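So you can see what is in the structure, the chains are spelled out below.
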Amino acid sequence: MGPVNLALWGAGIALAVLGYMRARGPWNRYQALKDQEANVARYESWRGGVRDRSTTGASVAMDMARRDARLWAIVAIVGFGLMVAGFAIR
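Note that the coordinates shown come from a computational prediction; the quantities given were computed from them, not determined experimentally.

Trainee: Got a sec to walk through the overall build of the chain? Specific residues and values, please.
Mentor: Secondary structure summary: the chain contains 2 helices and 0 strands in total. In terms of overall dimensions, the chain has a C-alpha envelope of 65 × 20 × 15 Å along the principal axes. Summarising the internal contacts of the chain: among those between residues at least 6 apart in sequence, 90% fall at separations of at least 24. Of the roughly 6600 Å² of accessible surface on the chain, 66% is carried by carbon and sulfur atoms. Seen as two clouds, the 12 positive and the 6 negative side-chain charges of the chain have centres 9 Å apart.

In structure tokens, the structure reads:
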């Protein structure tokens, strides 16, 4: 176990934790907005109205939350990869 292994493990753990912590908030926001969108769609179908499919503030917020969650999930995956590389390098 050399300094390279320790550096990879440390960086990997830091990135995995950071990615997870930063992805959790946008993912929860995305899920809440998606649930709200489904609720509105159910209400509109019950009411019998035609739903406008144009871009709304909620759809833009969903895209932003999804993008942020995806970015930080990739950071967490890279961190996990660094941890694996720390074990693989001898």
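Trainee: Report on helix H2 (residues 57-88), specifying residues and quantitative values.
Mentor: If you check H2, its first and last C-alpha atoms are 46 Å apart, about what 32 residues at 1.5 Å a residue would give, namely 46 Å. Listing the buried residues of H2 in full gives Met62, Ala65, Ala69, Trp72, Val75, Ala76, Gly79, Met83 and Gly86. Those residues of H2 that are buried lie in contact with helix H1 (3-47).

Trainee: I'd like a rundown of H1, residues and numbers included.
Mentor: Between its first and last C-alpha atoms H1 spans 65 Å; for 45 residues at 1.5 Å apiece the expected length is 66 Å, and the two agree. The largest bend along H1 reaches roughly 25° and is located at Arg24, with the proline Pro26 sitting one to four residues downstream. If you check which residues of H1 are buried, you get Asn5, Leu8, Trp9, Gly12, Ala16, Gly19, Ala23, Pro26, Tyr30, Leu33 and Glu44. Of the surrounding elements, those touching the buried residues of H1 are H2. Gly48 occupies a position one or two residues after H1 and carries a positive phi of about 90°.

Trainee: Quick one: what's the story with the packing of H1 against H2, residue by residue and with numbers?
Mentor: If you want to describe how two helices pack, look at the angle between their axes and the distance between the axes. At a minimum axis distance of 6 Å, the contact between H1 and H2 shows a crossing angle of 160°. Of the possible angle classes, the one that applies to H1 and H2 is roughly antiparallel. Handedness of the H1/H2 crossing: left-handed. Residues that form the contact of H1 with H2 fall into these classes: 28 nonpolar, 5 polar and 6 charged.

Trainee: Just give me the short version of the environment of Leu15, but keep the residues and values in it.
Mentor: Structurally, the position occupied by Leu15 is in helix H1. The exposure class of Leu15 is partly exposed, given its relative accessible area of 27%. Linking Leu15 and Val78, residues 63 residues apart in sequence, is a C-alpha distance of 7.3 Å. If we skip the residues at most four places from it in the chain, Leu15 touches Val75, Ala76, Val78, Gly79 and Leu82.

Reading the values: rules and limits
- Residues numbered from 1 in each chain as written.
- Predicted model: local features only at pLDDT ≥ 70, side-chain atom pairs only at ≥ 80, totals over all residues.
- Heavy atoms only, no water.
- Helix = DSSP H or I, 4+ residues; strand = E, 2+ residues; numbered from the N terminus.
- Contact = heavy atoms within 4.5 Å.
- Areas by Shrake-Rupley, 256 points an atom, 1.4 Å probe, with all protein chains shown as cover.
- Lys, Arg positive; Asp, Glu negative; His and termini not counted.
- Charge placed at Lys NZ, Arg CZ, Asp CG, Glu CD.
- Expected span 1.5 Å × (residues − 1).
- Buried < 20%, exposed > 50% of the residue type's maximum accessible area, 1.4 Å probe, protein only.
- Bend = angle between axes of the 7 residues up to and from the residue.
- Axes fitted to C-alpha atoms, helices over the stretch in contact; angles between N-to-C directions.
- Parallel < 35°, antiparallel > 145°, perpendicular 65-115°, else oblique.
- Left-handed = near helix turned anticlockwise from the far one by under 90°.
- Nonpolar A, V, L, I, M, F, W, Y, C, P; charged D, E, K, R; others polar.

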